[in-house]
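Residue strings, one per chain:
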Amino acid sequence: MRFLLACVVVWGLGLPAFAQQDEDSPGYLAGLLQNALSGAGREVRITGFEGALSSTARMEQMTIADDAGVWLTLTDVTLDWARSALLRGRVEVNTLTAASLNVSRPPQSDPDLPSPEATPFRLPDLPVSIEIGTLEIEDITLGQEVLGQPIALRLEGAASLTGGAGAVRIEAARIDDIAGRFAIEGSLDADGTALVLSLRAEEAAGGLVPTLTGLPGAPSVALGVEGTGSLDDFAADLTLATDGQSRLSGRVGLRTQGPVEAPERVITADIGGDLAPLFAPDYAAFFGDAVALKVSATQMPDGALDLSDLSLQAQRLDLRGTAAIGANGWPEAIDITGQIADAEGGDVLLPLAGTPTRVGRVDLSVQFDAARGDAVTGRFAVTGLDRPDVRVADMSVALDGTLSASAEGVGAFAAGVVAQAAGIAGLDPEIVQVLGPDVVLRTDVRYASDAPLELRDLVLTAGSSRLAGFVQADDLGANLRADLDLRLTSGELARFA
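Definitions and limits used
- Residues numbered from 1 in each chain as written.
- Predicted model: local features only at pLDDT ≥ 70, side-chain atom pairs only at ≥ 80, totals over all residues.
- Heavy atoms only, no water.
- Helix = DSSP H or I, 4+ residues; strand = E, 2+ residues; numbered from the N terminus.
- Buried < 20%, exposed > 50% of the residue type's maximum accessible area, 1.4 Å probe, protein only.
- Contact = heavy atoms within 4.5 Å.
- Phe/Tyr/Trp six-rings, centres within 6.5 Å; stacked < 30°, edge-to-face > 60°.
- pLDDT = per-residue confidence, 0-100.
- Salt bridge = Lys/Arg side-chain N within 4 Å of Asp/Glu carboxyl O.
- Patch = residues over 30% accessible without salt bridge, like charges linked within 9 Å, V, L, I, M, F, W, Y side chains within 5 Å.
- Areas by Shrake-Rupley, 256 points an atom, 1.4 Å probe, with all protein chains shown as cover.
- Pairing = 2+ DSSP bridges.
- Polar contact = N/O pair within 3.5 Å; in protein donor to acceptor, adjacent residues only side chain to side chain.

J.: What is the right way to look at the overall build of the protein chain in this model?
T.: Along its length, the protein chain carries 6 helices and 27 strands. Taking all 497 residues of the protein chain together, the buried fraction comes to 34%. At a minimum sequence separation of 6, the contacts of the protein chain that also span at least 24 residues come to 41%.

Shown next as structure tokens:
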């Protein structure tokens, strides 16, 4: 759509300079289009351009390539337009059609290009107005690499862009072996104060949406987004249904406040529904018939984030909390608690991929508030961990320490950490012989954003064996570099045979 609009603009703007040329010599305008649409990492080629000065112009083919070759091919483009409208500064297109659009893969991005700076969104204010009464592409083919499954569509719509205000209507229907319809309609005024957006997507079982999201059984899906407002205060209602049954509904919003030159962005969400059918049947008991998510967060101009409200609740999950992250990326306040448990005391099957994992109960608690000092505490405990490959009666991690950040943005964390696991069973007998039924780890953790991670006074006790010493790790990414100074003592070396 973007390239077609660009073609129309350059087509129109190029005609005055081209007017002295013979219509049977379209090389100038084809070159103008190619140069206008090409850019860093993008080469545009146009062939078979004709009829530049008539009311109907045609282009046989346009290709777009990157360093790996052609990834987009547009064929048999026809433009039926009102040439006289150019004298009034308007590009009026009755119909803009194409026989086919093939996108074999996503384009390669240039890693050397600088990241674009964040700026307020506005539609471009072009030197001419654009009105496209009918836009049609008979056959759009997207390759496997684009969206995860090959897809074929037929598209039709309309668009306008005048004085920085725009409107668009696009409807697409799948023309392959899976039924599906997609529709988007929206408008935005030049000042960004009137924004309307409507999005509808419906697909039969096995379609794109259920496949990408991994929904069990790939059911039929109906998704809707309806929103109104402005660029500074926009809210939308969401609906999701599968196999004709409502699964999710709610409202999300994005609002800006404060001075224009340094606005704050407020993000809110209040959505919920019966999500259990969207997961494997074994997990239905975990979610129950009502899952609710509430979020309220504010992003400051300097990048700091204030999560003033977070609540995620399901049948066997209750997570609540608040957090504030400074512009330097270090926490300024954390108050998060969470539990996973069965109200009747039974085991809980966690909704995790891979090996089935059951627990009796999980508890999480993290507290920190820089306004009251630098103390930070954290607790994580699991009882009754049960997997086919291991069972642990009780396991926990507890930390007590300090967390701070200097005015220069250098953060520092120091804490005593105790991690333990009791009642270990179900492992390979040789591993049980080494570890024993109980393992305890104690260490003092030291970390700063300008220094390596250190584990001081480390003591790991497993049965009659004891590992003690010091660990220092630098560059915690793929190029991890570690220095170890450890000593192992054991009352029975045979267990390591």
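J.: Just checking my understanding: could you explain the packing of aromatic side chains for this structure?
T.: Both the distance between ring centres and the angle between the ring planes are used here to describe each pair of aromatic rings. This structure, assessed with the given rule, holds 3 aromatic pairs. Ring plane angle 15° and centroid distance 4.2 Å describe the contact between phenylalanine 279 and phenylalanine 287, whose orientation is recorded as stacked. Centroid distance tryptophan 330 to tyrosine 447: 6.2 Å. Interplanar angle 20°. Geometry classified as stacked. One end of the pair, tryptophan 330, is in the loop between strand S16 (317–325) and strand S17 (331–341); the other, tyrosine 447, is in strand S24 (residues 438–448), with 117 residues separating them in the sequence. Through pairs of rings, three or more aromatic residues link up here, namely Phe279, Phe286 and Phe287.

J.: Explain the confidence of the model for the protein chain to me, please; I cannot follow it from the model alone.
T.: Residues of the protein chain with pLDDT of at least 70 account for 89%, and the chain-wide mean is 86. In this model residues 11–26 is a low-confidence stretch, pLDDT under 50, and it forms 32 contacts with partners more than four residues away in sequence or in other chains.

J.: Sorry if this is basic, but what is going on with the side chain of serine 230 here?
T.: In this structure, serine 230 sits in strand S10 (residues 221–230). Taking relative accessible area as the criterion, serine 230 reaches 13% and is therefore assigned buried. Setting aside its immediate chain neighbours within four residues, serine 230 contacts Gly192, Thr193, Ala194 and Leu195.

J.: How do you make sense of the environment of alanine 98 when you look at a structure like this?
T.: If you trace the backbone, alanine 98 turns up in strand S4 (residues 90–103). Each C-alpha atom of the pair alanine 98 and leucine 155 lies 9.8 Å from the other, and the pair is 57 residues apart in sequence. Those residues within four positions of alanine 98 in sequence are excluded, and the remaining contacts are Leu74, Thr75, Asp76, Val77, Glu136, Ile137 and Glu138.

J.: Sorry if this is basic, but what is going on with the pattern of salt bridges here?
T.: It is possible for side chains bearing opposite charge to pair when their charged atoms get close. The final tally for this structure, using the stated rule, is 16 salt bridges. One salt bridge in this structure joins arginine 45 and glutamate 43, with 2.7 Å as the shortest N-O distance. In this structure glutamate 43 comes out as partly exposed when scored by relative accessible area, which is 38%. Here aspartate 176 makes a salt bridge to arginine 174, at a shortest N to O gap of 2.9 Å. For aspartate 176, a relative accessible area of 26% puts it in the partly exposed group.

J.: Whenever I open this one, the environment of glycine 227 confuses me. Can you help?
T.: The topology assignment puts glycine 227 in strand S10. With a relative accessible area of 5%, glycine 227 lands in the buried category. C-alpha separation for the pair glycine 227 and leucine 238, spaced 11 residues apart in sequence, amounts to 8.8 Å.

J.: Honestly, unusual backbone geometry in this entry has me stumped. Any pointers?
T.: Peptide bonds are mostly trans, and most non-glycine residues show a negative phi. Unusually for a residue other than glycine, aspartate 243 sits at a positive phi of about 50°. Take aspartate 243: it is sitting in the loop between strand S11 (233–242) and strand S12 (245–257).

J.: Would you take a moment to explain a nonpolar patch on the surface for this structure?
T.: A contiguous nonpolar patch, built from Leu364, Phe380 and Val397 and spanning about 210 Å² of accessible area, is present on the exposed surface. By the element assignment, phenylalanine 380 lies in strand S21 (residues 375–387). Relative accessible area serves as the criterion here: at 37%, phenylalanine 380 is assigned to the partly exposed category.

J.: In this structure, what is going on with the pairing of strand S2 (residues 56–66)? I would like to understand it.
T.: The side chains of a regular strand alternate between the sheet's two faces. Where strand S1 (residues 43–50) lies against S2, 7 bridges are found, and the strand directions are antiparallel. Considered in S2, the bridge of glutamate 50 is made with arginine 58. Taken together, the 10 bridges between S2 and strand S3 (residues 69–82) define a ladder with antiparallel strand orientation. Note on S3: the bridge partner recorded for alanine 57 is leucine 79.

J.: What's the story with the pairing of S17 in this structure? I'm lost.
T.: The pairing of S16 with S17 spans 9 bridges and is antiparallel. Each residue of the ladder has a partner; that of leucine 317, found in S17, is isoleucine 340. A loop of 5 residues connects S16 with S17, the two strands running antiparallel in sequence, and glycine 329 in this loop sits at a positive phi of about 90°. Sheet topology note: the S17/strand S20 (residues 361–369) ladder contains 9 bridges and is antiparallel. Residue alanine 341 lies in a different strand from S20, and its bridge partner there is arginine 361.

J.: How should the environment of valine 291 be read in this particular structure?
T.: Structurally, the position occupied by valine 291 is in strand S14 (residues 291–299). Considering only alpha carbons, one finds valine 291 and leucine 275, 16 residues apart in sequence, at a separation of 6.6 Å.

J.: For this particular structure, what's the right way to read the side chain of glutamate 203?
T.: Looking at the element boundaries, glutamate 203 is found in strand S9 (residues 195–203). A relative accessible area of 6% means that glutamate 203 is categorised as buried. At a separation of 2.8 Å, a polar atom in the side chain of glutamate 203 contacts the main-chain amide nitrogen of leucine 208. Apart from residues no more than four positions distant in its own chain, glutamate 203 is found in contact with Arg174, Ala179, Gly180, Phe182, Leu208, Val209, Pro210, Ser220 and Val221.

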